[in-house]
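Below are the chains, spelled out letter by letter.
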Amino acid sequence: MSRYVNIPRPTEHAAIRACERSPRPTPQVPAILADMITAHRLGDRRGVNLCAHLVARVTSPEVGQ
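A. Fine view of helix 2 (residues 29–42). Between its first and last C-alpha, helix 2 extends 20 Å over 14 residues, near the 20 Å set by a 1.5 Å rise per residue. Two residues or fewer after helix 2 comes Gly43, characterised by a positive phi angle close to 80°.

Put into structure tokens, the structure is as follows:
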């Protein structure tokens, strides 16, 4: 018998299916840029990177497909 047991999590699969069915609204670029400025002022390099990628995804429809 294996020491590790794989426990199925049906709620995780249900959440993924629900996300695939309903499109997420895209945030507006000025709001993302304001968050990027805040992250830069706080010295949060990861936050700046995430905001920059989100701006690229919102402005270029072919990115992230």
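Back to the text.
B. Spotlight on the packing of helix 2 against helix 3 (residues 45–59). Packing of helix 2 against helix 3 leaves a shortest axis separation of 8 Å and a crossing angle of 165°. As far as their axial angle goes, helix 3 and helix 2 are roughly antiparallel. In the packing of helix 2 onto helix 3, the handedness of the crossing is left-handed. Along the contact surface, helix 2 presents Val29, Ile32, Leu33, Asp35, Met36, Ala39 and His40, while helix 3 presents Gly47, Val48, Cys51, Ala52, Leu54, Val55, Val58 and Thr59. Split into classes, the residues belonging to the contact of helix 2 with helix 3 amount to 11 nonpolar, three polar and one charged.

Reading guide: rules and limits
- Residues numbered from 1 in each chain as written.
- Predicted model: local features only at pLDDT ≥ 70, side-chain atom pairs only at ≥ 80, totals over all residues.
- Heavy atoms only, no water.
- Helix = DSSP H or I, 4+ residues; strand = E, 2+ residues; numbered from the N terminus.
- Expected span 1.5 Å × (residues − 1).
- Axes fitted to C-alpha atoms, helices over the stretch in contact; angles between N-to-C directions.
- Parallel < 35°, antiparallel > 145°, perpendicular 65-115°, else oblique.
- Left-handed = near helix turned anticlockwise from the far one by under 90°.
- Contact = heavy atoms within 4.5 Å.
- Nonpolar A, V, L, I, M, F, W, Y, C, P; charged D, E, K, R; others polar.

That is the geometry; function is a separate question.
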